[in-house]
Amino acid sequence: MLRNSFCHLPGVGLLTEQRLWQAGIHNWDDFQNADALPFGDQRRQALLDCLAISREQLDKGRMQFFCETLPTSQHWRLFADC
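Basis of the calculations
Residues numbered from 1 in each chain as written. Predicted model: local features only at pLDDT ≥ 70, side-chain atom pairs only at ≥ 80, totals over all residues. Heavy atoms only, no water. Phe/Tyr/Trp six-rings, centres within 6.5 Å; stacked < 30°, edge-to-face > 60°. Helix = DSSP H or I, 4+ residues; strand = E, 2+ residues; numbered from the N terminus. Buried < 20%, exposed > 50% of the residue type's maximum accessible area, 1.4 Å probe, protein only.

(A) Just the packing of aromatic side chains, in detail. Here the structure, examined in full by the defined rule, presents four aromatic pairs. The interplanar angle of 35° and the centroid separation of 5.8 Å between the aromatic rings of F6 and F31 together place this pair among those described as tilted. Of the two residues, F6 is situated in the segment before α1 (14-22) and F31 in helix α2 (residues 28-33); the sequence distance between them amounts to 25 residues. F6 sits in the buried class, given a relative accessible area of 0%. Seen from their ring centres, F65 and F66 are 4.9 Å apart, and the 90° between their planes marks the pair as edge-to-face. In this structure an aromatic cluster arises from ring pairing among F6, F31 and F39.

Coordinates in, geometry out; function isn't part of it.
Pasting the structure below:
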């Protein structure tokens, strides 16, 4: 579930996440491989950098990272990966 979540990224809320999903960007790989995103190049790169950190944290099982970066109302997204 976390790999389908973008709300832990700085400045990305539920509305932006919905727009990404509607644009066919359903997971982190889609985001990384997308030709067009609703962001400028600088913001896109900053978010890609954040996703690289997210991948590393998830691979290492560091769920605390996501507890700190996801809004509390979205912590349910952690359960499938715990």
